[in-house]
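Coordinates in review
Here is how the chains run, residue by residue.
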There are 2 protein chains.
Amino acid sequence: MSHIKLLKTSDLKATPQRLCVLDTLENCGHATLEQIEKITKEKFPTLSLSTIYRNLNEMVEKDIISEVKIAKKPHYEIKKEKHIHLYCKSCDTIWDFQSDTNAFIDKIENEANCKILNDVIHFEILCTNCLK
Amino acid sequence: MSHIKLLKTSDLKATPQRLCVLDTLENCGHATLEQIEKITKEKFPTLSLSTIYRNLNEMVEKDIISEVKIAKKPHYEIKKEKHIHLYCKSCDTIWDFQSDTNAFIDKIENEANCKILNDVIHFEILCTNCLK
DNA sequence: CTAAATGCAAAGCATTTGCAAATAT
DNA sequence: ATATTTGCAAATGCTTTGCATTTAG
């Protein structure tokens, strides 16, 4: 879905500021607030920090983006298909990875005798490039 | 290992303030800074907030305790055997759970062609009690 | 045209720091 | 005896908020 539609569907106006933040996340995959501020201000020097804060919070609430508690500081990403995160400690990159977690989740549900609603699965890794 | 030994092994003096924080974590399992402040000050009214901050940071650095990025605010726990976290959204309790994750980790390593160094596995759940 | 969003400045919290006094070893 | 730790107060830094102005729809 286009970013414009994404915003409108959530009753948010498609302002240039919001589109700039979403473009940044689209390009980066994941970014911290500081990274978002730096990158967006290159293209949009008048964009204020409080607007970034407000928009990130609003878009998290509206479920357009999500906050990923990984690495040193929280990172933001546009919501997409379910995936796990691989964080390479060597090159400091966060990789999205899709894998079937159903068997593992079932195993935990059975062992712990609980109902799993949601999962957060992060691995600290050395990525393919860094292993060479 | 006793808390006193734990601290001394890490070149930290076994002050009553540190022991009080460790006792609190031992009793609670997991606690936020606010919870630690509240509980420790009951037993130790003169304990200052900056001491709590300093000690939590130092003990995380020395690997005596760890910060768990789960629920609304980070929680602290005394380091122990590897485990995953189950967070019951209904009763707001964090449960430690031990399960064999090797097969799952191997699967990811193979699929993603990477070396996994560490993992963070949290599930949001409804626990046995809350399911009744 | 109007409600929503923005930018700026100020306010509000959370966390850290400097330092003199106290304390563990 | 001494280096470490503590408590306090001040400083810092991050995040939110109030409000006049602008803007998307």
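Our structure is the block above this text.
Below is a summary of the structure that appears in this document. Treat the numbers as computed from the prediction; the structure is a model and nothing was measured.

Conventions used here
Residues numbered from 1 in each chain as written. Chains lettered and ligands numbered in written order. Predicted model: local features only at pLDDT ≥ 70, side-chain atom pairs only at ≥ 80, totals over all residues. Heavy atoms only, no water. Contact = heavy atoms within 4.5 Å. Buried area = accessible area lost by both parts, 1.4 Å probe. Salt bridge = Lys/Arg side-chain N within 4 Å of Asp/Glu carboxyl O. Polar contact = N/O pair within 3.5 Å; in protein donor to acceptor, adjacent residues only side chain to side chain. Helix = DSSP H or I, 4+ residues; strand = E, 2+ residues; numbered from the N terminus. Nonpolar A, V, L, I, M, F, W, Y, C, P; charged D, E, K, R; others polar. Pairing = 2+ DSSP bridges.

1. Quick look at the interface of chain A and chain B
Across the boundary between the two partners, chain A contributes 33 residues, which contact 33 residues of chain B. Between chain A and chain B, the buried area comes to about 2800 Å², and carbon and sulfur atoms account for 65% of it. At the boundary of chain A with chain B, the tally comes to zero salt bridges. Across the chain A-chain B interface, the total number found is 18 residue pairs in polar contact (both at pLDDT 80 or more). Where the side of chain A that touches chain B is concerned, the elements lending two or more residues are β3 (84-88), α5 (102-112), β5 (115-126) and α6 (128-131) of chain A. When residues in the side of chain A that touches chain B are grouped by element, the largest group, 12 residues, is from β5(A). In the side of chain A that touches chain B, the residues fall into 18 nonpolar, six polar and nine charged. With 11 bridges joining them, β5(A) and strand β5 (residues 115-126) of chain B adopt antiparallel strand pairing. Across the sheet, residue A:Ile125 finds its bridge partner in β5(B), namely B:Ile116.

2. Re the pairing of strand β1 (residues 65-68) of chain A
Residue and element names in this part refer to chain A. For β1 and strand β2 (residues 75-78), the ladder comprises four bridges, and the chain directions are antiparallel. When the bridges of β2 are listed, Ser66 appears paired with Glu77. Taking the residues between adjacent antiparallel strands as the criterion, β1 and β2 are bridged by six residues, where Ala71 takes a positive phi near 60°.

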